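# Topology and contacts: notes
Letter by letter, the chains look like this.
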Amino acid sequence: MTASPAVLEQAALSVAVHRRIKRWLAPTPCIASRQPLVGDTELFYKAENLQQTGSFKFRGALAKLTSLSTDIPAITASSGNHGLALATAAKITGHELTVVLPKTVALEKLSKIKALGVEAILHSNDSGLAEQHAQALAKEQGKIYVSPYNDPQVIAGQGTIALELLEQLPRLDVVYVSIGGGGLISGIGSVLKAFSPQTRVVGVSAKNSAALAASIRAGQMVDVEHSDTLADGCAGSVDGDSMTLPLGSEVIDALIDCSEEQIEEGLRHIAWTEKMLVEGSAGLALAAWFADATQHTGKVSAVVLCGANFDRERLQPVIGSPS
């Protein structure tokens, strides 16, 4: 199927953004799994956990702020990674920035954001409510609101991951990407559908907070119940008008929802077999690779390790010892 004009336009924007931000953005490695695999099956990790700020979000943050005049103050909402990325990017671009975070934000992420000297506001225990508060403040204070996902520049920045993947892997049959608001998978998926349409794009949600996946299945935005999840970077509701719904609906080939137990197992595997510590949202993507076992035999798969800004106190009991 030929990609729609909207997808092709988004992919072209990723190419333009990559040219603009690559001076500050070193490519992250694509690491072969240490796990023994059967036959000609191959598994690689796109190591965004090694990205500056410890998350893929730095790409979208740079893309957005470098598109704005430096005299425009910005405000955003984040569960942690997007705020940290914007705060770091603002140091480069010189933008004034305010970050609204839920009170449940991982303490390590909060401390890093505050250390960068931006204003941090804690609001409610829900990422969606924090986002609504930031949007209201933007209108009241005359600031530009920078969405973590509902913005073509931000999505284009995340799409640069796929541009790197296509250079690093001569063959890519399937990619597993965690879903929160959908900016990451919309960017990656748009690039892949434009330049490698044969690549299967799998979106992965935590069962405890799967707003966008439920909306894609329903064909419209729907409300879902949200429970606590280890994949806190993927938690929360999604804007009713988010462009990630139509983009995600087109570029995602399959959706997989994973339980907290599956996420825990993914985290343990990455820690003890792959020798890396990552956050829950990255463990979520690997959990789907295991759940999708019948589909990746003989295939070259990539799992996007979206970040490593974990809460130490929460991760330690999960990692435990080798299973």
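Up top is the structure these notes are about.
Notes on the structure in this doc start here. Counting restarts for each chain: residues are numbered from 1 in the order of the written sequence. Since the coordinates come from a predicted model, pLDDT governs what is reported: local features require at least 70, and pairs of side-chain atoms require 80 or more to be given and counted, while whole-chain, interface and lining totals use all residues. Side-chain measures were taken over the full set of non-hydrogen atoms in the model, leaving aside hydrogen atoms and water.

## Some details on the overall build of the protein chain
Helix and strand definitions follow DSSP, with helices as H or I runs of at least four residues and strands as E runs of at least two, each counted in order from the N terminus. Counting its regular elements, the protein chain contains 12 helices and 10 strands. The buried label goes to any residue with under 20% of its type's maximum accessible area, the exposed label to any with over 50%, and the partly exposed label to all in between, with areas taken from a 1.4 Å probe on protein chains only. Going through the 323 residues of the protein chain one by one, you find that 59% of them count as buried. Here, residues are in contact when the closest pair of their heavy atoms is within 4.5 Å. Relative to all contacts within the protein chain whose residues are 6 or more apart in sequence, the contacts with residues 24 or more apart total 74%. For the accessible areas, the method is Shrake-Rupley and the probe is 1.4 Å, while residue cover comes only from the protein chains on display. When the accessible surface of the protein chain is split by element, carbon and sulfur atoms take 51% of a total near 12900 Å². Note that His is not counted, nor are the chain ends; the positive residues are Lys and Arg, and the negative ones are Asp and Glu. A charge is said to be at NZ when it belongs to Lys, at CZ for Arg, at CG for Asp and at CD for Glu. Each charge sign in the protein chain was given a centre, from 26 positive and 33 negative side chains, and these centres are 6 Å apart.

## Things to note about the sheet that holds strand E3 (residues 74-77)
The strand order across the open sheet formed by 4 strands is E5-E4-E3-E6, and the pairing between neighbours is parallel. Where the open sheet ends on each side, the last strands, each with one partner, are strand E5 (119-122) and strand E6 (144-146). Between one strand axis and the next, the sheet turns by 25° as a mean value, whatever way the strands run. For two strands to be treated as a pair, DSSP must find no fewer than two bridges joining them. Pairing analysis gives 3 bridges linking E3 to E6, with the strands arranged parallel. What counts as an axis is a line fitted to C-alpha atoms, over the stretch in contact for a helix, and the angles between N-to-C directions run from 0 to 180 degrees.

## Observations concerning the pairing of strand E9 (residues 254-258)
Here E9 shows a buried face lined by Ala 254, Ile 256 and Cys 258 and an unburied face lined by Leu 255 and Asp 257. For strand E8 (residues 200-206) and E9, the ladder comprises 5 bridges, and the chain directions are parallel. Bridge pairing in E9 places Gly 203 opposite Leu 255.

## A closer look at the sheet that holds strand E2 (residues 42-47)
Across the sheet, 6 strands lie side by side as E1-E2-E10-E7-E8-E9; this open sheet has mixed pairing. Each end of this open sheet is capped by a strand with a single partner; those strands are strand E1 (30-32) and E9. Each strand axis lies, on average, 25° off the axis of its neighbour in the sheet, ignoring direction.

## Some remarks on the environment of Leu 184
As for its position among the elements, Leu 184 is in helix H7 (residues 183-195). Residues Leu 184 and Gly 60, 124 residues apart in the sequence, show an inter-C-alpha distance of 8.9 Å.

## Topic: the side chain of Thr 244
With respect to the secondary-structure elements, Thr 244 resides in helix H9 (residues 244-251). The exposure class assigned to Thr 244 is buried, which follows from its relative accessible area of 0%. Pairing of N or O atoms within 3.5 Å defines a polar contact, subject to two protein rules: one partner must be a possible hydrogen donor and the other a possible acceptor, and residues neighboring in sequence count only if both atoms are side-chain atoms. Here the side chain of Thr 244 touches Ser 242 through a polar contact of 2.6 Å, side chain to side chain.

## So, unusual backbone geometry
Here Thr 53, not a glycine, exhibits a phi torsion of approximately 80°, which is positive. Take Thr 53: it is sitting in the loop between E2 and helix H2 (57-65). Taking relative accessible area as the criterion, Thr 53 reaches 15% and is therefore assigned buried. Located in the positive-phi region is Ser 124, a residue other than glycine, with phi close to 60°. Relative to the elements of secondary structure, Ser 124 occurs in the loop between E5 and helix H5 (127-141). The exposure class of Ser 124 is buried, given its relative accessible area of 16%.

## With respect to the side chain of Thr 98
Along the chain, Thr 98 falls in strand E4 (residues 97-101). Judged by its relative accessible area of 3%, Thr 98 falls in the buried class. Discounting chain neighbours no more than four positions away, the residues touching Thr 98 are Ala 74, Ile 75, Thr 76, Glu 119, Ile 121 and Lys 143.

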